[in-house]
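# Breakdown of the fold
So you can see what is in the structure, the chains are spelled out below.
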Amino acid sequence: MSALSDALRDYLSLRRALGHKLAEHERQLTRFVARLDAADAGFVTMAGTLAFVLDPELDPASTTPARRLMAVRGFARWLSAIDPRTEVPPAGLVSRRPGRRVPYLFSDQDVAAVVRAARASTPSAFRAETLASLIVLLAVTGMRVGEALRLDCGDLDWDQAVIKVRDTKFGKGRDVAVSASTAEALAGYRRRRDRRQPATTRLFVSLAGTPVIYSNFACAFRQAVRAAGVGADGPARPRVHDLRHSFAVRTLAGWYRAGLDAEALLPRLSTYLGHREPRSTYRYYSDSRVIPIPAPLHA
């Protein structure tokens, strides 16, 4: 490991000891340090920061540049006390976009198309099954992708068809009920997984038997979306998080269509999704009213 990699490990350990989770910061800073190492840069420079933050490969409609800058600034400020050569990027170098991104709402047909594309583009049958199982699970439950990737085999109650979600974004566990067909599909994947005798208790594993990494899954998902042509005519390409957004919007819209009191039922959906308060859930619907809403998927 390089000196910068060691420093990043120490920085994350210190911040986490103070109560911060930093999952997003770790992903971004790991990429940042890898770039610096590849360029044989021994310390953080403005040139290196700008190349990372303003990467032309990034979606111009996203907030990723601002989030990358925030992560790098925190790391650089801490690192400057150790290495005086560190160049700390100024605040405001990149600002967040003023408007909220309009999400892409996946239909049943969209999800099926992405799953088919993921299977077709993956030579390994087991890896294809892992990708397909993850995509469908996210679509029918609205779980956060990190929650799905962290699932242990013991977190699934097969008899009750309930998934126990632990170590959530806000530190609150919850039970996610699913349909019998979803439970059966997960049980089938679990059997194929167990035959490979992985070294981890995580449910979703790689070909090497290790936990699936977010960046690898996100990359495979984007490739499948492009191959399927889903959202090709939209202003921004669909993201993994849009599967969660789609689930929330379909559920709310379904209540309205059925003549139910959606406002009274909203706290139930908030609990199911793991939100701290109902207004966070309703924001999904308010962000999506400008586009057609597909019919509900069933977990």
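Preceding block: the structure.
Since we're looking at a predicted model, the values are computed, not measured. (Residues numbered from 1 in each chain as written. Predicted model: local features only at pLDDT ≥ 70, side-chain atom pairs only at ≥ 80, totals over all residues. Heavy atoms only, no water.)

### Description of the nonpolar core
Generally speaking, soluble globular proteins have nonpolar side chains that are buried together. By size, the foremost hydrophobic cluster in this structure holds 52 residues, and its most contacted members are Ile 135, Ile 163, Phe 204 and Phe 217. When contributions to this core are tallied by element, the ones reaching two or more residues are helix H5 (108-120), helix H6 (125-141), helix H7 (145-149), strand E2 (162-165), helix H8 (180-195), helix H9 (214-228), helix H10 (241-257) and helix H11 (262-273). Residue contributions to this core peak at eight residues, all from H6. Among the nonpolar cores identified, the runner-up in size contains 21 residues, and Ala 7, Leu 22, Val 33 and Val 44 belong to it. (Core = buried A, V, L, I, M, F, W, Y, C linked by side-chain atoms within 4.5 Å. Buried < 20%, exposed > 50% of the residue type's maximum accessible area, 1.4 Å probe, protein only. Helix = DSSP H or I, 4+ residues; strand = E, 2+ residues; numbered from the N terminus.)

### Considering the packing of aromatic side chains
If you walk through the whole model with that rule in mind, you get ten aromatic pairs. Ring geometry for Tyr 104 against Phe 106: centres 5.2 Å apart, planes inclined by 85°, an arrangement best described as edge-to-face. Under the relative-accessibility criterion, Tyr 104 is labelled partly exposed at 22%. Taking the centre distance of 5.7 Å and the plane angle of 20° together, the rings of Phe 247 and Tyr 272 count as stacked. (Phe/Tyr/Trp six-rings, centres within 6.5 Å; stacked < 30°, edge-to-face > 60°.)

### Re the sheet that holds strand E1 (residues 156-157)
Taken in spatial order, the three strands of this open sheet run E1-E2-E3, and their pairing is antiparallel. At either end of the open sheet lies a strand with only one pairing partner, and these are E1 and strand E3 (174-177). In this structure, E1 lies alongside E2, joined through two bridges in antiparallel fashion. Residue pairing in the sheet places Asp 157 in a bridge with Val 162 of E2. (Pairing = 2+ DSSP bridges.)

### Focus: empty space enclosed by the protein
Empty space left among the atoms is revealed by rolling a probe the size of a water molecule over them. Applying the stated rule across the entire model yields one cavity of 30 Å³ or more. Its volume calculated, the largest cavity comes out at about 40 Å³. Around the largest cavity sit Leu 156, Asp 157, Trp 158, Ala 161, Val 162, Ile 163, Val 178, Ala 183 and Leu 186, which together line it. Those elements that provide at least two residues to the lining of the largest cavity are E1, E2 and H8. Residue classes in the lining of the largest cavity are distributed as eight nonpolar, no polar and one charged. (1 Å grid on protein atoms, 1.4 Å probe; cavity = no way out; pocket = protein on both sides within 12 Å on 5 of 7 lines; lining within 4 Å. Points joined across faces, edges and corners; volume = space filled by probe spheres on them. Nonpolar A, V, L, I, M, F, W, Y, C, P; charged D, E, K, R; others polar.)

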